[in-house]
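# Coordinates in review
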Amino acid sequence: MASSLTRNGKDTAKEQYRVLADTLAARGIDVEAVKDRLKRQAVETPSWGYGNSGTRFRVFGQPGVPRNPFEKFEDAAQVHRYTGICPSVAIHIPWDKVDDFGALRQHAERLGLRIGAINPNVFQDEDYKLGSMCHPDARVRRKATDHMLECIEIAKTTGSSILSLWFADGTNYPGQDDFRERKHRMEEVLGEVYRALPPGMRMMLEYKPFEPAFYATDLFDWGISLLMCQKLGPQAQVLVDLGHHLQGTNVEQIVATLLDEGRLGGFHFNDRKYADDDLIVGSINPYQLFLIFCELVAAEQSSDATRRAGAQAVAYMLDQSHNIERKIPAMIRSVLNVHTALAKALLVDRAALRERQQAGDIVGANSLLVEAYETDVRPLLAQVREELGCPAPADPLGAFLASGYLERIAEARKEGVAAGWG
Ligand code: RM4
Ligand code: MN
Ligand code: MN
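Here we summarise the structure given alongside this text. Model, not experiment: these values are computed from the prediction. (Residues numbered from 1 in each chain as written. Chains lettered and ligands numbered in written order. Predicted model: local features only at pLDDT ≥ 70, side-chain atom pairs only at ≥ 80, totals over all residues. Heavy atoms only, no water.)

Attention shifts here to the coordination of the manganese ion (ligand 2). Looking at the manganese ion (ligand 2), the protein donor atoms are Glu206 (OE), Asp241 (OD), His268 (ND1) and Asp319 (OD), and they sit 2.1 to 2.3 Å from it. Each of the six donor atoms around the manganese ion (ligand 2) contributes to a set of angles spanning 72 to 164°, which defines the coordination as octahedral. Mapping the donors of the manganese ion (ligand 2) onto the primary sequence yields the spacing E-x34-D-x26-H-x50-D. Between the manganese ion (ligand 2) and the manganese ion (ligand 3), a spacing of 3.9 Å is present. (Donors = N, O, S within 2.8 Å, 3.2 Å for Na, K, Ca; no water. Tetrahedral: all angles 85-135°; square planar, octahedral: opposite > 155°, others 65-115°.)

Let's shift gears to the nonpolar core. Judged by nonpolar contacts, the single largest core of 113 residues is most densely connected at Phe267, Phe269, Phe293 and Leu296. The biggest single contributor to this core is helix α12 (residues 327-345), with ten residues. Setting aside anything within four residues of it in sequence, one finds Leu296 in contact with Val255, Leu259, Leu264, Phe267, Ala311, Val314 and Tyr316. Residues Ala117, Ile162, Leu239 and Ala315 belong to the second largest nonpolar core, which totals eight residues. (Core = buried A, V, L, I, M, F, W, Y, C linked by side-chain atoms within 4.5 Å. Buried < 20%, exposed > 50% of the residue type's maximum accessible area, 1.4 Å probe, protein only. Helix = DSSP H or I, 4+ residues; strand = E, 2+ residues; numbered from the N terminus. Contact = heavy atoms within 4.5 Å.)

Covered by surrounding structure in strand β10 (residues 315-318) are Ala315 and Met317 together with Tyr316 and Leu318, the residues of both alternating faces. Where strand β9 (residues 264-269) lies against β10, four bridges are found, and the strand directions are parallel. If you follow Phe267 over to β10, its bridge partner there is Tyr316. (Pairing = 2+ DSSP bridges.)

Summarising the element assignment, His147 is placed in helix α6 (residues 138-158). Overall, the relative accessible area of 11% leaves His147 in the buried class. Only 3.1 Å separates the side chain of His147 from the backbone nitrogen of Asn121, close enough to count as a polar contact. Apart from the residues within four sequence positions on either side, His147 is in contact with Ile93, Pro94, Pro120, Asn121 and Val122. (Polar contact = N/O pair within 3.5 Å; in protein donor to acceptor, adjacent residues only side chain to side chain.)

It is worth spelling out the site of ligand 1 at this point. Taken together, His92, Trp95, Trp166, Glu206, Lys208, Asp241, His244, His268, Asp276 and Asp319 form the complete shell of residues around ligand 1. With respect to ligand 1, the side chain of His92 contributes an N or O atom lying 2.9 Å from an oxygen atom. Contacts to ligand 1 include His268, whose side-chain N or O atom sits 3.2 Å from an oxygen atom. Protein chains shield 94% of the accessible area of ligand 1, which is 300 Å² for the free molecule. Counted by class, the shell around ligand 1 contains two nonpolar, three polar and five charged residues. (Near = heavy atom within 4 Å. Areas by Shrake-Rupley, 256 points an atom, 1.4 Å probe, with all protein chains shown as cover. Nonpolar A, V, L, I, M, F, W, Y, C, P; charged D, E, K, R; others polar.)

This next bit is on α6. Counted at 1.5 Å a residue, the expected span for α6 with its 21 residues is 30 Å, and the 30 Å between its end C-alpha atoms agrees. Three or more residues of α6 are buried, namely Val140, Arg141, Ala144, Thr145, His147, Met148, Cys151, Ile152, Ile154, Ala155 and Thr158. Buried residues along α6 sit against β2 (88-93), α5 (101-110), β3 (114-120), β4 (162-165) and α7 (179-195). N-capping of α6 is provided by Asp137, with a side-chain oxygen placed 2.8 Å from the backbone N of Arg139. Taken from the residues just after α6, Gly159 is the one with a positive phi, measuring 80°. (Expected span 1.5 Å × (residues − 1).)

This is the structure:
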């Protein structure tokens, strides 16, 4: 659907921006500073979000889906082109295993991209039926450890600075294994991997309450991830995947707590209605996304330099599987939603908020958030994309759909096997 911005043409978009900028300036907002922050935002897209995926019932293939990691980067370059803020792509090993990672890196760079977080896969092998790092058999733990060490080597070649870890480890029945022993095995394996990290590389530890394990998961919540990180050392940080919480969890409070402890490594953005649904971020609960960004902006603007630096180093990544929706458009929509949530969070009058908090003005304090959230930031983001040099600043998704790219890849990638869940 064309937005009002495109319907009325470029000049109208400019006019709408001028009106908004004046309104914001009158509210005491430094519009240039807001734009600078929005231009500095980076969102990493996941290579696996470009391949076919599905549920355990069915994977519905799509035309033109990449057949190899090189083509995934070509699709990711489209997302970056139209949004202006997606310069890197996370890869998953072995889904994205290639003979020559140096060549993949060059390919990415030629497209104006870089290779981002490396995600080892220690859940899709027969050996991992009882777990990987917590497996009762030392041979399997060794295999999982070696795979993670191999991923650190790959990261050195690709120039990646994040080793992103998610484990399917857990048990399905009470009594199946010993909780404390599994925890000890986890500490040992993670310790060995941690010690192999070169300086400057961060390990990010993801948690998830259930699935595929249905009784107990070894890294089950942010508390256990934080505990592990604290035992490991400063290069270990927690990764918050928005779909990895039980219903009703206050995710923004977790974010604030981790930021305050200097242990928020990054995000896997997505959205969900029920569990780990991996839907387009901001499609179900955009208000939660906004509140999360409010915490990030607050930490970035904190008077404490360490907190500021920690917030500025947060890695913003998407982790989504677009099962039935077209992949590149879904990715573009996701990135736009992230940018929108950040833009709104940047409009919160933090000084006034503080005053009202101190005064116990509950409704007044809340109103400042509501006012920011209700602001239509589309003209501001269009202006930001224009300044970033995007080809269709007012309507990136519409312009991508009209570009003919989807038709071209459907034709060009007819032969061969599409990448997807193996
Ligand atoms: C998990 C988790 C991981 C992702 C895998 C494929 O649920 O979110 O980040 O790598 O799925
Ligand atoms: Mn994830
Ligand atoms: Mn997940």
